[in-house]
Amino acid sequence: MQIVYPFIAQTLKVICTGISDVLDLGCGEGFYEGTFPCRSYTGLDLVAPKGENYIMGDMSSLPFPNDSFDVIFAVASMYFVGKPGIEEAHRVLKPNGILLVFDYNRKKLQKLEETEGLVHPINWSRRKLRSLLRNSGFKNIKPLSMMGTGRHAFLEPFAYARTIRRSPWVIFKSTKINEKAT
Ligand SMILES: C[S@@+](CC[C@H](N)C(=O)[O-])C[C@H]1O[C@@H](n2cnc3c(N)ncnc32)[C@H](O)[C@@H]1O
């Protein structure tokens, strides 16, 4: 069962503001709606909950115009889609908008496949995610590491390889740079 991870909710609270238009990609039940400040929240999923803030759609072909959102996040969903998902996120982010990808690492995905029979079509890895972000035009690509566990977990800029190895998460924060201004 998917839950609200406190370290993810806390990160969204820090990144999102009362004037952010926010898109939750692969939102599932929409557990993160209402956990952070924003002007608008939109959840998109192949099977989205009913409600005016939710849209049924495919992350690899988003039904939004270019430059629509200030913050886009994807929790345990980007590894289902990969390249088209990252490219679409870049397209619909406003200039200087932020993408946060919270994915499970390869080991955790393998475990989920064994224990829950989940099938992930993409051979996913931290390195692959980083290179897709770079090739899709994202800048300031920063891995975040999760420190601690459960309620006390928090994120900090990647510092220790040891921490990364212990964590089941692969987390990247990246920015769509305002190309017109550069
Ligand atoms: C492990 S769940 C995570 C749900 C939610 N992000 C959360 O943390 O509670 C993965 C979600 O990704 C969605 N998903 C998978 N492929 C998708 C796609 N191509 N387009 C949109 N959603 C997709 C699934 O329907 C599922 O709800």
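Residues numbered from 1 in each chain as written. Predicted model: local features only at pLDDT ≥ 70, side-chain atom pairs only at ≥ 80, totals over all residues.

Caption draft 1: View of helix H4 (residues 126-135). When we look at burial in H4, the residues that qualify are Leu129, Leu132 and Leu133. Down the axis of H4, the buried set is contained in an arc of 100 degrees. They therefore lie on one face. Facing away from the buried side of H4 by more than 90 degrees, the exposed set consists of Arg127 and Asn135. Just downstream of H4 lies Gly137, where phi reads positive at about 100 degrees. (Buried ≥ 20, exposed ≤ 12 C-beta atoms within 10 Å, placed from the backbone. Helix = DSSP H or I, 4+ residues; strand = E, 2+ residues; numbered from the N terminus. Arc of directions from axis to C-beta.)

Caption draft 2: Local environment of helix H1 (residues 6-15). Of the residues making up H1, those classed as buried are Phe7, Ile8, Thr11 and Leu12. For H1, the angular spread of buried residues about the axis comes to 140 degrees, placing them on one side. Seen from the open side of H1, the exposed residues pointing more than 90 degrees away from its buried face are Lys13 and Val14.

Caption draft 3: Expanded view of the environment of Ile98. Considering the arrangement of structural elements, one finds Ile98 in strand S5 (residues 93-104). In sequence terms Ile98 and Phe138 are 40 residues apart; their C-alpha atoms lie 9.1 Å from each other.

Caption draft 4: The arrangement of the pairing of strand S4 (residues 69-75) in detail. Burial within S4 is extensive, with 7 of its 7 residues counted as buried. As paired strands, strand S1 (residues 21-25) and S4 are joined by 4 bridges and run parallel to one another. Looking at S4, one finds that Leu25 is bridged to Ala74. Of the pairings in the sheet, the one linking S4 to S5 comprises 6 bridges and is parallel in character. Within S5, the position partnered with Val75 by the bridge is Phe102. Read from S4 through helix H2 (residues 83-92) to S5, the crossover connection turns out right-handed. (Pairing = 2+ DSSP bridges. Right-handed = clockwise from strand over helix to strand, strands pointing away.)

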